[in-house]
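Results of the structural survey
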Number of protein chains: 2
Amino acid sequence: MIQSFARIIGFEMESQQDYHMSPEEFRRWGYQAINWIANYLENVENLPVLSQAEPGDIRAKLQDAPQRGESFEAILKDLDEIIMPGLTHWQSPNFFAFFPTGISAPSILGELISAGLGVQGMLWATTPACTELESHILDWLVDMLGLPEQFLSSQAGGGVIQDSASSATLVALLAAREQKIADINKLVVYTSTQAHSSIEKAVKIAGLRRENLRLLEVDTNYAMRTSALQECIKADIQAGLIPCFLAATVGTTSSNAIDPIPQLGEIAQKYKIWLHVDAAMSGTAALCPEFRWIHQGLEQADSYCFNPHKWMMTNFDCTCFYVRDRASLIQALSIMPEFLKNQASDSGKVIDYRDWQIPLGRRFRSLKLWFVIRHYGIEGLQHYVRKHVALAQEFAEWVKSHASFELVVNPPLNLVCFRHKGGDRINQVILNNLNSSGKLYLTSTKLDQKLTLRMSIGQATTERINVEQAWKLICSQADSLSKTV
Amino acid sequence: MIQSFARIIGFEMESQQDYHMSPEEFRRWGYQAINWIANYLENVENLPVLSQAEPGDIRAKLQDAPQRGESFEAILKDLDEIIMPGLTHWQSPNFFAFFPTGISAPSILGELISAGLGVQGMLWATTPACTELESHILDWLVDMLGLPEQFLSSQAGGGVIQDSASSATLVALLAAREQKIADINKLVVYTSTQAHSSIEKAVKIAGLRRENLRLLEVDTNYAMRTSALQECIKADIQAGLIPCFLAATVGTTSSNAIDPIPQLGEIAQKYKIWLHVDAAMSGTAALCPEFRWIHQGLEQADSYCFNPHKWMMTNFDCTCFYVRDRASLIQALSIMPEFLKNQASDSGKVIDYRDWQIPLGRRFRSLKLWFVIRHYGIEGLQHYVRKHVALAQEFAEWVKSHASFELVVNPPLNLVCFRHKGGDRINQVILNNLNSSGKLYLTSTKLDQKLTLRMSIGQATTERINVEQAWKLICSQADSLSKTV
C-alpha cells in the first residue's frame, strides 16, 4: 500500500535529492553572514539614519516566490540592493529617536547559538537548561540592580523573560484581575496620563472596560500625582467599582518621568491594588549604585519589569519581568493539557515558564543575556550607563545655555526633552529637516500640549562626538530658520 | 556643572576604555560560533535526544555574575560543559515528540542577519523594509498554499507574523469580541474537546467567562461534530448568550484530526460567529497540491494561521496569521500615542503591524522566512512535506501489521497515533524506556481515555533509517515486555 501511496503523491522514497545546505556550505555562508554584519556595523555610522523610502518602494522591487531554490549569494545581493534602502538604522550611533534598541556582539552571537540549537523551552522538561539558565540569570539581575529580594526565585516570586514590556504589563494585569473574584466590568485600572500606551492596550486585551481606565494627572515633573490617585480611588469605591491595578512608571516614554513609587505603594497596599512598576528603559540605570534611587519603594510592588533589549545591549526581545507571588501569575495563565503532562511538572519541583506568559512556545532567550553579562561583566555594563547619562547631562547644559532653546524638564537620566522657543511649527520644521538630512534621527512628543524634541542617548556605540555633532546640526537648523523667519 | 556631575558619578568623559568586541574579534568569534553550530548539527544525531538532567542540575553548575568581563572562549566552554547536558535535542533526526520545531541553515542565517541589523518594525515608518518584506512574503504564502484570496494584502485582509499560534488565536478572539458590542460576560466560544489548550488560555486572557467556553464532542476521527455545535449554539441563544467565536482545527495536536471546515463555515455564517482556523502544524502540507484538501472550506474563515516554525524549517517564532478584514483586527488592537505619530501612519498608505499583535516591538522575522523560501524554492519545501508524509504512512503500515500494536486512527498526514494492545500501563513503560534510552524521543496523549503514543515525523533531517530504527526500538521494547509479563 505504501508503494502505491508513494506513487500517488509522486514521491520516490529512495530519492537521494537533498535541498539542505551541507555543513561546508553552512560554514561558508555563515562566515559570509558574519562578515556582512561586521561590515554593516562598521559602516552604519555613515548611512542615512532614517530610511528615505516611500510607501511601496521595497515591495516594488521584490520578485515572486521561486519555484526552484536560489543561491545564498543571490539572497545576500538582494539584501544589499532591496532591503538596505528600506532600513532605518537603529544601531547607528546617531540614532537618538524613541528609546534605544540595544544589541552587541555577544548578544548577536547568543541569538545565533540559540537559533542553531532550535530548542523549545515551554516546559522545564522540554529543555531543562533553557529554564534553569533563565531563572539563574534573572536572579543575577535582582542582585545586579539591587532589586528587592521578593523577586528572587528562592522566595515566593521570580523572574521570567517576556517579549516586551507590553506583554509584561498584560500578564501582570491578568494576575491582578484573577485575584479579584468580581465582575470584570467593575474592575478599575489606574495609571498616569504619561504612561505608555501598552497599558491601555492591556486593558483592552484583558477585557476590562476602557471607561474604567483612569489616566491620572501629573505634577510639573510629569510624575503621577498621588493626591489625584487617592481621590479617584475613593470616588470609584463610592460608585461601587473595584480598584484592581495600578501601573506606575520609572522613566516614562515621553519625558523619563519617575512616578513616586513609595507613596503609590502605600496607597496600593491600603486598597489592595496590584502595583506594577514599568521601568522598561530606565531600569538598567540601577546597575550603578548611584542611580538606584529610581527604584525606591519597589519592595511594595507586586510586579516589575525592565528591558535589557533597550539599554543593556541585549537583542530584542528581552524584557525581564518579576513577580512577588508567582502562584498568582501561574493561576492566571496555567492550562495543563494531556499532551504536555510529564513527571517533572507533576513533581512541583520545576518551573514551567509557559505558565508565566501568553504564548506556549519559547526560544532560548537567556543565552544572549548570559553572553552579554559574561562578556561585559557588571563593570562594563555600568560603564555605558554612566557614559550615556553623562552625555545626556552635558547635552542638557548646552540646551540651557542656548538662547533659542529651552529645557522642558531636568533630565533624570539619559533622555533630554527640549524645544525651540519659537513654538510648535518651528520645532516641527527643525525635526523634519534634521531627520531628512539622514545625519541623525530624533523623535518628538507633546508635553503640556507643546511639541517637544526628545534626545535619547543610549546606543552602545554612541560617542561624545556623535552627541556634539547632533547638537551642532540642531543649532544650525535653528540658526537658518531664524534667518528665514 | 557637568564637570562636577561627571566627578560625582565617577565617570571620566574622556575615558578611552571600551568593552565592546572589536570587528576583528566579532569576526573571529562569529566564525567560531558558526563552526560550533555546524559541529552540533552534524553530531546531534548521536546525542541522547531527551535530556537526562534532574531538576537543579544545571543551576548547581552556574556561577555568580562576573564583576569583570570574561573571554568568549570561557563562555563557549561553559556552553559545552554546563548547558549541553541540559538540552533536549529538538533538532535530532530521532526527535518524534510533540510537533517538530523546524530550523534550517538559511533560517539560522536569517536570524543572524536580523540580530545584526537590530531594527524595530513596530511601525512602517520605523523600518519600511521590515513591514513590506513581511506583507510580500505573507502574500507569497497565500499563493504557495493555495489559500483563499481574501487573505491577500491587496484585498481587505492580510497576513502578519505572530510569535505563536497561541497569540494568533488570542488576537483573532479579540477581533471577534470587539465586533460584538455586548456584555463580555455573555459571549460564547466554541471549539472541540480535541482543540489546543491555547484556546482556553485565550478565553481566560480575553476576559471571557470560562464557563462560556464550549468543548464540543468529536466523531470517531476526533473531528468536531457539527450537530453538537449547532445544538449548542441554539441552546446558548435560547439562554440569552451571544455566540462569538468558533475555533476550528486543521490537524489537532493529539491526533492530527481535521475539523469539517465547510460545514462549520456555514454554521458560523448563519449565526454571525467569527470562524478562526488553526492549522499550526498541518497547514504547511498545503504546499503540495495533493494535500490542499485539508483547507477545503477555508474561504468562509475570518482568520487562519499556520506555523512555518513547525514543519517549514523556519526558526521559532514564526506563525503566519491571516485575517479576512484587517480593519476589525486593527480596531481591536490599535492605540496611537503621541510619541508614535508619524506622516506615513497618518497617510493611511502603510501597514503598522504593531496594531496586528499584542506587543509593540517586533523583530525582523520575515528575513528568515524569505531566506528559507528562496533557498529551498517551492520545490524543495514540497520535497520534505512529501517525504515526511510518506514515512508516516509507511510507519502506520508497520503498526497495522504488528500483532501487539494498533493504529488508533488513520493518519491523515505525518502524525501516527498508535498503542500497544496491552493497555495504559504497558504503553507508559514502553514510552519511559524508549525516552530514557536517549535513542529517540516520543510523547503521548490520551484518546478515548486511553494512553496513546504519538509518532510525529517532521524533522527536516529525519531519514527513513531514523524511522526504521525507531520502529525496531519500539518493537523490541514490546517484545521484552511480553517476555517479562
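The model shown is predicted, which means the values in this text are computed figures rather than measured ones.

Residue and element names in this part refer to chain B. Across all of its chains, the model carries 46 salt bridges over all chains by this definition. A salt bridge links Glu81 to Lys77, with the shortest nitrogen-to-oxygen separation between them at 3.7 Å. Taken together, the residues Glu81 and Lys77, both in helix 4 (residues 72-83) and four residues apart, mark about one turn of the helix. For Glu81, a relative accessible area of 45% gives the class partly exposed. When its relative accessible area of 47% is taken as the criterion, Lys77 is described as partly exposed. Between Glu463 and Lys387 there is a salt bridge, and its shortest N-O distance comes to 3.0 Å. Of the two residues, Glu463 is situated in the loop between strand 11 (450-456) and helix 16 (464-484) and Lys387 in helix 14 (residues 366-400); the sequence distance between them amounts to 76 residues. Judged by relative accessible area, which is 9%, Lys387 ranks as buried.

Across soluble globular proteins, nonpolar side chains show a tendency to be buried alongside one another. Membership of the largest hydrophobic core comes to 238 residues, with the highest contact counts inside it found for A:Leu141, A:Tyr304, A:Phe364, B:Leu109, B:Leu141, B:Tyr304 and B:Phe364. Those residues in contact with B:Tyr304 that sit more than four places away from it in its chain are B:Leu145, B:Leu147, B:Phe151, B:His276, B:Val277, B:Ala279, B:Gly283, B:His295, B:Leu298, B:Cys320, B:Phe321 and B:Tyr322. In this structure, A:Ala176, A:Cys244, A:Leu329 and B:Ala176 belong to the second largest nonpolar core, which totals 72 residues.

What follows deals with the confidence of the model for chain A. Residues and elements named next belong to chain A. Taken over all residues, the pLDDT of chain A has a mean of 94, while the share at 70 or more is 96%. Predicted confidence is poor over residues 1-14, with pLDDT under 50, and the contacts of this stretch with residues over four places away or in other chains come to 23 contacts. Quick note on the complex model: pTM equals 0.95, ipTM equals 0.95.

Residue and element names in this part refer to chain A. In this structure, strand 2 (residues 187-192) lies alongside strand 3 (residues 213-216), joined through four bridges in parallel fashion. Pairing of Ser192 across the sheet is with Leu216, part of strand 3. Since strand 2 and strand 3 lie parallel, the crossover through helix 8 (residues 197-205) that links them has a hand, and here it is right-handed.

Overlaying chain B with chain A gives an RMSD of 0.0 Å, the required rotation being 180° about an axis along which the chain moves by 0.0 Å. Taken together, the rotation angle and the small translation identify this as a two-fold axis. Interface residue correspondence from chain B to chain A reaches 100%, placing this contact among same-surface, isologous pairings.

For the bond running from A:Phe316 to A:Asp317, omega is 5°, close enough to zero to count as cis. By the secondary structure assignment, A:Asp317 is in the loop between helix 11 (308-311) and strand 7 (319-323). The backbone of B:Asn256 shows a phi angle near 65°, a positive value even though the residue is not glycine. Within the secondary structure, B:Asn256 is located in the loop between strand 4 (242-249) and helix 10 (261-270). Overall, the relative accessible area of 0% leaves B:Asn256 in the buried class. Its identity as a non-glycine residue notwithstanding, B:Lys272 has a phi of 55°, on the positive side. Within the secondary structure, B:Lys272 sits in the loop between helix 10 and strand 5 (274-278). Judged by its relative accessible area of 65%, B:Lys272 is exposed.

Turning our eyes to something else, we now look at helix 6 (residues 128-145) of chain A. Residue and element names in this part refer to chain A. Spanning 18 residues, helix 6 covers 26 Å between terminal C-alpha atoms, matching the ideal 26 Å at 1.5 Å per step. Helix 6 sits mainly inside the fold: 17 of its 18 residues count as buried. The first or second residue beyond helix 6 is Gly146, which carries a positive phi of 65°.

A word on the interface of chain B and chain A. Between chain B and chain A, the residue contacts involve 168 residues of the former and 168 residues of the latter. Overall, the association of chain B and chain A removes approximately 14900 Å² of surface from exposure, summing both partners, and the carbon and sulfur fraction of that is 65%. Taken together, the connections running from chain B to chain A amount to twelve salt bridges. Of the charged contacts, one joins A:Arg59 and B:Asp139 as a salt bridge, the two residues approaching to 3.0 Å between their closest N and O atoms. Taken together, the links from chain B to chain A amount to 76 residue pairs in polar contact (both at pLDDT 80 or more). No other element matches the 22 residues that helix 14 of chain B contributes to the side of chain B that touches chain A. In terms of residue class, the side of chain B that touches chain A is made up of 83 nonpolar, 48 polar and 37 charged.

Let us now look at the environment of B:Ile58. Relative to the elements of secondary structure, B:Ile58 occurs in helix 3 (residues 57-61). For B:Ile58, a relative accessible area of 1% corresponds to the buried category. Considered as a pair, B:Ile58 and B:Pro85 are 27 residues apart in the sequence and their alpha carbons are 8.1 Å apart. Setting aside chain neighbours within four positions, we find B:Ile58 in contact with A:Ala129, A:Glu132, B:Ala53, B:Ile82 and B:Gly86.

Next up on the list: the pairing of strand 1 (residues 158-162) of chain B. Of all five residues in strand 1 of chain B, five are buried, a share of seventy percent or more. The side-chain alternation of strand 1 of chain B yields two buried faces, one formed by B:Gly158, B:Val160 and B:Gln162 and the other by B:Gly159 and B:Ile161.

This part covers the sheet that holds strand 1 of chain B. Residue and element names in this part refer to chain B. Spatially, seven strands are ordered 1-7-6-5-4-2-3 in an open sheet, and the strand pairing comes out mixed. Across the chains shown, the open sheet's two edge strands, defined by having one partner strand only, are strand 1 and strand 3 (213-216). In this sheet, neighbouring strand axes are inclined to one another by 20° on average, regardless of whether the strands run parallel or antiparallel. By the bridge criterion, four bridges tie strand 6 (residues 303-306) to strand 7 (residues 319-323) in an arrangement that is antiparallel. What sits directly across from Phe306, in strand 7, is Cys320.

Quick notes on the rules
- Residues numbered from 1 in each chain as written.
- Chains lettered and ligands numbered in written order.
- Predicted model: local features only at pLDDT ≥ 70, side-chain atom pairs only at ≥ 80, totals over all residues.
- Heavy atoms only, no water.
- Salt bridge = Lys/Arg side-chain N within 4 Å of Asp/Glu carboxyl O.
- Helix = DSSP H or I, 4+ residues; strand = E, 2+ residues; numbered from the N terminus.
- Buried < 20%, exposed > 50% of the residue type's maximum accessible area, 1.4 Å probe, protein only.
- Core = buried A, V, L, I, M, F, W, Y, C linked by side-chain atoms within 4.5 Å.
- Contact = heavy atoms within 4.5 Å.
- pLDDT = per-residue confidence, 0-100.
- Pairing = 2+ DSSP bridges.
- Right-handed = clockwise from strand over helix to strand, strands pointing away.
- Least-squares fit on C-alpha atoms with pLDDT ≥ 70 in both.
- Expected span 1.5 Å × (residues − 1).
- Buried area = accessible area lost by both parts, 1.4 Å probe.
- Polar contact = N/O pair within 3.5 Å; in protein donor to acceptor, adjacent residues only side chain to side chain.
- Nonpolar A, V, L, I, M, F, W, Y, C, P; charged D, E, K, R; others polar.
- Axes fitted to C-alpha atoms, helices over the stretch in contact; angles between N-to-C directions.

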